[in-house]
Each structure stands twice: as structure tokens, then as C-alpha cells.
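Coordinate inspection notes
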Amino acid sequence: MRWFLNKIFGWSSVSRLMKVGKIMLFAISLLYVTVVVYQNVFGYKMLDTINNVPSIESNNQQQRLLKHHMLNITGDIYSAYHVERTSVTATPKPTTINLSDIFITVKTTKMYHDTRLALLIKTWFQLAKEQTFFFTDADDIFYQRKTNGHLVNTNCSMGHFRKALCCKMSVEYDTFLESGKKWFCHFDDDNYVNVHKLLDLLKDYSPTVDWYLGKPSIASPLEIFIDNVESKSMHKKISFVFATGGAGFCISRALALKMMPIAGNGKFINIGDKIGLPDDVTMGYIIEYLLNVPLTIIDTFHSHLEPMEFLRKDTFKDQVSFSYGQIKNDKNILNIDGLDNISDPTRFYSLHCHLFPHLSSCSKS
């Protein structure tokens with residue numbers, strides 16, 4: 001080939017053509033490598049989180065905290081992408097999740113320390129003592145010791161009204177951000193949490209993707225009216241779905257970071273004030289409406305708003321959360337054998353020993 005080209009174009013022309021060909025081949029190779037690297041690194045959804053958050057002004061402390069948390073998870077994102085993805089367009093498999101990756105919060109109040117809080121400490125808290133924190137509204141040295149320092153005084157007002165609820169949720173959320181954990185799971189003090197099943201659930205979802213897991217308490221999206229300042233339209237009707245806090249919900253770290261410019265550093269309270277609704281509804285408003293991340297409904301979360309007696313005993317092991325309460329004049333409790341209703345009016349002790357009969361506390365009872 002070189003002899004043929006030499007005959008037609010001459011030796012100097014051939015040399016130039018060969019050099020040009022090598023340069024073009026090198027350029028094409030470099031372009032290909034650049035495209036592949038760009039897709040692998042920047043094409044992943046979570047690495048765009050900072051650029052995609054709404055342009056709400058945040059202070060320098062928030063910026064530093066956001067960058068700090070992004071650095072904490074970037075390594076996990078990158079390794080998960082390269083090790084577990086089968087192709088550039090495939091859905092990433094969930095990263096490995098351990099119990100230590102979950103930040104479990106329980107909202108309570110001083111009035112319920114000796115009843116609801118004491119019950120949880122004796123039951124499922126024993127299975128997640130390092131991961132679970134109780135957010136209350138007063139100091140309590142006794143239960144601070146019982147929980148090994150996991151009782152957090154939010155300094156919020158006492159009572160079950162909107163302002164106090166949003167205040168506590170705001171502290172829960174900000175504390176999660178500081179924890180560096182991969183999952184934020186909120187429950188109420190009338191929930192029994194099946195810790196093992198919660199862990200199994202989260203293993204099916206990646207904390208590096210936007211996930212809002214929970215269960216609504218109403219059959220259709222909530223419709224509210226808000227004032228739209230940008231379009232100068234008053235009383236604009238919007239709708240969104242929210243996970244009821246009474247059943248519990250979980251938020252991935254990716255989503256929590258995306259919420260940060262809007263809700264971090266106490267701003268969650270301001271949004272609750274703006275729409276005039278409780279903490280769980282405010283959370284749904286931020287996630288579903290402002291950030292356009294849909295709720296993934298998990299049927300194994302349960303609140304006191306559901307009839308507990310309809311849960312079958314053979315399915316208890318598959319449920320993530322349970323509750324108790326009162327529907328009209330009737331007690332809303334699980335239908336389960338075990339201790340009598342006087343010794344165990346909530347049925348949580350009986351449930352605990354049904355799920356974990358090998359525990360020493362259950363064998364004694």
C-alpha cells in the first residue's frame with residue numbers, strides 16, 4: 001500500500017498522509033474515551049443533585065454542609081456505578097445497606113415518656129439501640145440514661161399542634177443530615193418498628209437515588225390552595241400525596257440533600273408556616289410538589305388510622321410498622337395472643353415476643 005501511494009503521490013506526500021491519519025485516529029480515540037468517562041461519572045443522576053436543586057438562597061454554612069455530605073456519598077455512587085451497573089443505561093442496583101446506615105427517629109413528648117417511650121425502650125428499641133433517637137420537648141435525665149444518650153431535647157413547644165410538630169421534624173431532618181447516614185426513617189411514639197423488616201425493605205432501594213417511601217392515610221391526593229408570588233396568582237390550587245407520619249416513612253440521603261436548600265437549617269418550619277399544615281404534610285409538599293419526587297407507596301407501613309385487627313397474624317413478620325389507638329369507642333389494637341389486655345393494652349409486648357420468641361425477656365414472660 002505504501003509503495004502504491006508513493007508511486008501516485010510521492011514519498012513526502014505519503015509521509016504527510018500517514019501522519020495525518022495517525023493524528024485523526026488518536027483524536028477519535030480520545031473523543032471516545034472522553035464520552036465514556038463523562039457518561040460514567042456525570043451521567044449518574046445523583047451527581048447532578050447540586051445543579052438541579054431549586055435556586056433558593058442558602059448561607060455559607062449550608063453550602064459547606066452540602067458539599068461535605070456530597071463528598072461522603074460520591075465514593076459510594078462511583079463504586080456502585082462501576083461495579084454493579086451492567087450498562088450505561090441500566091438502572092443501578094441498590095448499594096449494600098446495613099443497620100448502621102439507617103438513622104431512625106421517633107417523635108415524642110414529655111407527657112408520654114413514662115408510657116409510650118418506656119414501652120418502645122423495652123421492646124423494639126433494644127434491636128436498634130445505636131440507630132434510634134427520640135426527639136422530645138424536655139430534658140429527662142432518667143430516659144437519657146435509659147437510651148444511652150439518644151434522647152434529644154428539640155426545645156420545641158410541648159403539645160400536638162402544627163407548629164410544635166413541624167419544629168420537631170425540622171430538628172430530626174437537620175440531625176439526620178449531620179449524621180452522615182444513608183437513610184432517614186421517621187416514626188411516631190405509637191409505632192412498633194419491625195427493625196429487621198425495615199432493613200430488608202431498604203436493601204431494595206439505593207440511598208444514592210431520590211426515594212420517598214411511605215404510605216398515605218387518604219385515598220386521593222391532598223388538594224390545597226397556595227399563593228404563587230412569581231405568577232402573581234392568588235390561591236392557586238395544587239395537589240400532592242404525602243406519607244402519613246403515623247405509619248412512618250423513609251427518605252434516601254440523595255433526596256434529603258436535594259431538600260437541603262429548601263428545608264435545611266430550620267427552613268422546614270418556615271414552609272410549614274407558609275402552607276399552614278402539619279409536619280408530615282409539609283414533608284410531602286416539599287418532596288412531591290416542590291421537588292417533583294413521587295411517593296413510593298409501601299403497604300407494610302401501618303398507622304393508628306388503620307384497623308389493626310385486620311392484619312393477619314401470619315403476616316406480622318412481613319410488616320415494617322404497627323400502631324395502636326382508638327377508633328370511635330373501640331380500641332384499635334392487633335388481634336394477637338400473648339399477655340392479657342391489662343398487662344399489655346397496646347399488644348406491643350405480645351407482638352415483640354411473637355416476632356422474637358428467642359429473646360430472654362420473652363422466654364421469662
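Everything in this summary refers to the structure shown in the same document. This one's a predicted model, so the numbers in the text were calculated from it and none came from an experiment.

A closer look at the packing of helix H5 (residues 113-122) against helix H12 (residues 348-355)
Packing of H5 against H12 leaves a shortest axis separation of 10 Å and a crossing angle of 15 degrees. On the basis of the axis angle, H5 is roughly parallel to H12. The two elements H5 and H12 meet at a crossing, and its hand is right-handed. Each of Leu119, Leu120 and Lys122 in H5 lies in contact with H12, whose residues at this interface are Phe348, Tyr349 and His352.

Focus: the pairing of strand S9 (residues 249-252)
Side chains of S9 alternate between two faces, with Phe249 and Ile251 and Cys250 and Ser252 buried alike. Sheet topology places strand S4 (residues 183-188) next to S9; 4 bridges connect them, and they run antiparallel. In the strand pairing of S9, Cys185 is matched with Cys250.

What to know about the sheet that holds S9
The 7 strands lie next to each other as S3-S2-S1-S4-S9-S6-S10, forming an open sheet whose pairing is mixed. Each end of this open sheet is capped by a strand with a single partner; those strands are strand S3 (151-153) and strand S10 (296-297). Here helix H7 (residues 162-179) sits on the sheet in contact with strand S1 (102-107), strand S2 (132-136), S4 and S9, set at roughly 165 degrees to S1. The sheet contacts of helix H9 (residues 253-263) involve strand S6 (212-214) and S9, and relative to S9 the element is tilted by about 80 degrees.

A look at the packing of aromatic side chains
A complete count under the given rule lists 15 aromatic pairs for this structure. On the numbers, 6.1 Å between centres and 50 degrees between planes, the contact of Phe103 with Phe176 is tilted. One end of the pair, Phe103, is in strand S1; the other, Phe176, is in helix H7, with 73 residues separating them in the sequence. In this pair, the class of Phe103 matches that of Phe176, namely buried. With a centroid separation of 5.4 Å and an interplanar angle of 25 degrees, the aromatic rings of Tyr285 and Tyr289 are classed as stacked. Of this pair, Tyr285 and Tyr289 are both found in helix H11 (residues 279-290), 4 residues apart, which corresponds to roughly one turn of the helix. An aromatic cluster of at least three residues, connected via ring pairs, comprises Phe103, Phe133, Phe176, Phe184, Tyr212 and Phe249.

Concerning the environment of His150
Structurally, the position occupied by His150 is in the loop between helix H6 (141-146) and S3. Accessibility expressed as a relative area gives 8% for His150, which makes it buried. Each residue touching His150, except ones within four places of it in the same chain, is listed here: Lys129, Glu130, Thr132, Phe133, Phe134 and Gln144. From its side chain, His150 meets the backbone oxygen of Thr132 in a polar contact 2.7 Å long.

Section: the state of the cysteines
Applying the stated criterion across every chain yields a total of 3 disulfides. Disulfide pairing places Cys156 opposite Cys167 at an S-S distance of 2.0 Å. Since a negative S-S torsion denotes a left-handed disulfide, the Cys156-Cys167 link at about -75 degrees is left-handed. Taken as a pair, Cys156 in the loop between S3 and H7 and Cys167 in helix H7 lie far apart in primary sequence, 11 residues in all. With respect to burial, Cys156 and Cys167 carry one shared label: buried. Paired by a disulfide, Cys185 and Cys250 hold their sulfur atoms 2.1 Å apart.

Calculation rules
Residues numbered from 1 in each chain as written. Predicted model: local features only at pLDDT ≥ 70, side-chain atom pairs only at ≥ 80, totals over all residues. Heavy atoms only, no water. Axes fitted to C-alpha atoms, helices over the stretch in contact; angles between N-to-C directions. Helix = DSSP H or I, 4+ residues; strand = E, 2+ residues; numbered from the N terminus. Parallel < 35°, antiparallel > 145°, perpendicular 65-115°, else oblique. Left-handed = near helix turned anticlockwise from the far one by under 90°. Contact = heavy atoms within 4.5 Å. Buried < 20%, exposed > 50% of the residue type's maximum accessible area, 1.4 Å probe, protein only. Pairing = 2+ DSSP bridges. Phe/Tyr/Trp six-rings, centres within 6.5 Å; stacked < 30°, edge-to-face > 60°. Polar contact = N/O pair within 3.5 Å; in protein donor to acceptor, adjacent residues only side chain to side chain. Disulfide = S-S within 2.5 Å.

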